[in-house]
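Structural overview
Spelled out from the first residue to the last, the chains are:
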Amino acid sequence: MALLPRRFLCFVLAQHFIAATACQEADYGWMIRHYCLQQFQRSMEGIGQRLWCDWDETLDTYGELTNCTALIAARLDCYWPNRLVDEFFVAVHKEYFRNCSPSGRALHDPPNGVLCPFIVLPVLVTLLMTALVVWRSKRSEGIV
């Protein structure tokens, strides 16, 4: 019976210790919205909406946002990544990157110097092979 009160005492002390050192999610959510997101918004406004889908332009800003959320999590003894970070980044993507292609680049045609050979070469090969077949079919001598 003496073992039961000791276990209970350890359980009660452990609960108080965990409650005192656990992540304060409300504070964490407030801090990432007010510190990290505001800095990200200013940086994205500086980049300009036309370039939001250009990964080369947004990579540094996005990296700073990621590092900011991780640093605040470390300061508040929160795990990173966590549910709040996931929801935060989903909201950021919905606002800033919803119209971007999955590759992160706007799709466009290649330059004419690249595109023309890929069009002209197959057309010429097709015409040449057609002419060769017609010429060969007219020469029936020697074919059994």
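An account of the accompanying structure is given in this report. (Residues numbered from 1 in each chain as written. Predicted model: local features only at pLDDT ≥ 70, side-chain atom pairs only at ≥ 80, totals over all residues. Heavy atoms only, no water.)

Moving on, we come to the overall build of the protein. When helices and strands are counted, the protein shows 5 helices and 0 strands. Per-residue burial over the protein gives 19% buried out of 144 residues. The long-range share in the protein, meaning contacts at least 24 apart out of those at least 6 apart in sequence, stands at 72%. Carbon together with sulfur atoms contributes 64% to the accessible area of the protein, which is approximately 11,700 Å² in total. (Helix = DSSP H or I, 4+ residues; strand = E, 2+ residues; numbered from the N terminus. Buried < 20%, exposed > 50% of the residue type's maximum accessible area, 1.4 Å probe, protein only. Contact = heavy atoms within 4.5 Å. Areas by Shrake-Rupley, 256 points an atom, 1.4 Å probe, with all protein chains shown as cover.)

Let's shift gears to the state of the cysteines. In the structure shown here, the tally under the stated rule is 2 disulfides. The disulfide that involves cysteine 36 links it to cysteine 68, with 2.0 Å between the sulfurs. The sign of the S-S torsion, about -80°, decides the handedness of the disulfide formed by cysteine 36 and cysteine 68: left-handed. Separated by 32 residues along the polypeptide, cysteine 36 in helix 2 (residues 25-47) and cysteine 68 in helix 3 (residues 55-75) bring together distant segments of the chain. (Disulfide = S-S within 2.5 Å.)

As a further point, take the side chain of threonine 69. Locating threonine 69 in the fold gives a position in helix 3. On the accessibility criterion, threonine 69 (0% relative accessible area) is buried. Those residues within four positions of threonine 69 in sequence are excluded, and the remaining contacts are Tyr28, Ile32, Cys36, Trp80, Phe88 and Phe89.

This next bit is on the pattern of salt bridges. Counted by the stated rule, this structure contains 2 salt bridges. The partner of glutamate 25 in a salt bridge is arginine 83, with the nearest N and O atoms 2.8 Å apart. Here glutamate 25 is found in helix 2, whereas its partner arginine 83 is found in helix 4 (residues 83-96), with 58 residues between them in sequence. What makes glutamate 25 partly exposed here is its relative accessible area of 42%. Since its relative accessible area comes to 46%, arginine 83 is described here as partly exposed. The salt bridge partner of glutamate 87 is arginine 83, with a shortest N-O separation of 3.3 Å. You can see glutamate 87 and its partner arginine 83 sitting in helix 4, 4 residues apart, about one turn around the helix. One salt-bridge network, in which partners are shared between bridges, spans Glu25, Arg83 and Glu87. (Salt bridge = Lys/Arg side-chain N within 4 Å of Asp/Glu carboxyl O.)

Here the focus is the packing of helix 2 against helix 3. Between helix 2 and helix 3, the least distance of the axes is 10 Å, while the angle of their chain directions is 165°. By the angle class used here, helix 2 and helix 3 are roughly antiparallel. Here helix 2 runs over helix 3; the crossing is right-handed. Across the interface between the two elements, Tyr28, Met31, Ile32, Tyr35, Cys36, Leu37, Phe40, Ser43, Met44 and Ile47 from helix 2 touch Glu57, Thr58, Thr61, Tyr62, Leu65, Cys68, Thr69, Ile72 and Ala73 from helix 3. In terms of residue class, the contact of helix 2 with helix 3 is built from 14 nonpolar, 4 polar and 1 charged. (Axes fitted to C-alpha atoms, helices over the stretch in contact; angles between N-to-C directions. Parallel < 35°, antiparallel > 145°, perpendicular 65-115°, else oblique. Left-handed = near helix turned anticlockwise from the far one by under 90°. Nonpolar A, V, L, I, M, F, W, Y, C, P; charged D, E, K, R; others polar.)

A word on the packing of aromatic side chains. Scanning the entire structure with this criterion turns up 8 aromatic pairs. An angle of 80° between the planes, with centres 5.5 Å apart, marks the rings of phenylalanine 88 and phenylalanine 89 as edge-to-face. Ring plane angle 50° and centroid distance 6.5 Å describe the contact between tyrosine 96 and phenylalanine 97, whose orientation is recorded as tilted. Look at phenylalanine 97 and you get buried, because its relative accessible area is 13%. Pairwise contacts between aromatic rings join Phe40, Trp52, Trp55, Tyr62, Phe88, Phe89, Tyr96 and Phe97 into one cluster. (Phe/Tyr/Trp six-rings, centres within 6.5 Å; stacked < 30°, edge-to-face > 60°.)

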